[in-house]
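Below are the chains, spelled out letter by letter.
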Amino acid sequence: MYQAKAYSVASATSPFHSATIERRDPGADDVQMEILFCGVCHSDLHQARNEWSGMMPTVYPCVPGHEIVGRVTKVGSAVTKFKVGDLAAVGCMVDSDGVCPECKAGLEQFCSNLTLTYNFPDQHLGGVTYGGYSDSIVVKEHFVLRVPANLDLAGAAPLLCAGITTYSPMRHWGVTKGKKVGVVGLGGLGHMGVKFAHALGAHTVVFTTSSSKVEDALRLGADEVVLSKDANQMAKHAGSFDFILDAVAAPHDLNAYLNLLARDGNLTMVGAPEQPLPVSVFGLLFRRRSFSGSLIGGIAETQEMLDFCSAHNLVADVEVIPIQKLNEAYERLLRSDVKYRFSIDMASLQSE
Ligand code: NAP
Ligand code: ZN
């Protein structure tokens, strides 16, 4: 066991402060990394403030962070994919049972014995897992990803959650050239969704509540932008979409988007407001529309996504912050005031 520096919260209403946490010494299958950058996901905020108390209550102290890139500092004797000095990355998962049908299918995110990167029972040290708002982490090799050398590291960190969470449903639902694809909510996830839909060749339409984001949406790859509060703009797209990805973190009207789907169109929810949202059954019956959800993506698909980003020279648009600005960053996240992901420069933790 060794001590690592971290930023943690003590309760749903306390600010982040610097802290020391324990990490395990790397075992035979483990990779130890120095963390260089960690993205700030809206899930971190939901979890730090116990907004998912019904589904996943938060255990305090809580150290979030699941968009991690860094450099390998130590490897266990059985590790084959990494050596000291390599770039490496960790996303939302750090363990699963490896033997169930989900794991065998490369869908570790659906394993019933999954361990998430933070706020999940820690099989090694007891207590709960601690995430990437820290200077170091130890993770089983299977859950460590390779970072392509051409990617900017601060911008690559958000790919580990915002990237895979938007890439995976687009691949699953067949987003390609010739399809009309909508992305709802231009935040951390949404802006990656726009980049992927565009790179996959789809006609890409952004739905935003923020008129200030229209130009950015076009720059990020949207072909059209709709201000979702304007009913006339919405009505023009009725019945026309093959696929819509909804990445909104708060309650909103899903039926307004279901009505925009064409026959056999699908609306996939990746945003995770805890409250149930009403869905009009008639909106589904007509045109045989479907409504579904999606959770991050498996390890093999996460590596595929990173390699896709490498080939297309894609990373997140980030605002790099020192960790001392974390509390302010959370407030800005709540105001949809981030372009389009905060990425923490972990070197700043050394001054604590
Ligand atoms: P974010 O950066 O805060 O972006 C959310 C965006 O939603 C905002 O930028 C805003 O876009 C829009 N929005 C916010 N409040 C709204 C409201 N009241 N009505 C309509 N639109 C609103 O958040 P994020 O990090 O992208 O995460 C988004 C959600 O996905 C969170 O709930 C997070 O927990 C969840 N998530 C799920 C998974 C998964 O595996 N399913 C993985 C990661 C995150 P505009 O300004 O363009 O309207
Ligand atoms: Zn996330």
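No experiment lies behind these values; they were computed from the predicted model shown. (Residues numbered from 1 in each chain as written. Chains lettered and ligands numbered in written order. Predicted model: local features only at pLDDT ≥ 70, side-chain atom pairs only at ≥ 80, totals over all residues. Heavy atoms only, no water.)

**A word on the coordination of the zinc ion (ligand 2)**
Stage number 1. Only Cys-41 (SG), His-66 (NE2) and Cys-161 (SG) from the protein reach the zinc ion (ligand 2) as donors, at distances of 2.0 to 2.2 Å.
Stage number 2. Judged by relative accessible area, Cys-41 falls into the buried class, the value being 2%. (Donors = N, O, S within 2.8 Å, 3.2 Å for Na, K, Ca; no water. Buried < 20%, exposed > 50% of the residue type's maximum accessible area, 1.4 Å probe, protein only.)

**Some thoughts on the pairing of strand S5 (residues 87-90)**
Stage number 1. The pairing of strand S4 (residues 68-75) with S5 spans four bridges and is classified as antiparallel. Counterpart to Ile-68 in the pairing with S5 is Val-90.
Stage number 2. Across two bridges, S5 lies against strand S9 (residues 145-146) in antiparallel orientation. When the sheet's bridge partners are listed, Ala-89 is paired in S9 with Leu-145. (Pairing = 2+ DSSP bridges. Helix = DSSP H or I, 4+ residues; strand = E, 2+ residues; numbered from the N terminus.)

**A word on the site of ligand 1**
Stage number 1. Close contacts around ligand 1 come from 29 residues, with Thr-208, Thr-209, Ser-210, Lys-213 and Arg-341 the closest.
Stage number 2. Take Ser-43: an N or O atom from its side chain is 2.8 Å from an oxygen atom of ligand 1.
Stage number 3. At 2.9 Å, a backbone N or O of Ala-272 approaches an oxygen atom of ligand 1.
Stage number 4. Elements with a contribution of two residues or more to the shell around ligand 1: helix H1 (42-48) and helix H5 (188-199).
Stage number 5. Top contributing element to the shell around ligand 1 by residue count: H1, with three residues. (Near = heavy atom within 4 Å. Polar contact = N/O pair within 3.5 Å; in protein donor to acceptor, adjacent residues only side chain to side chain.)

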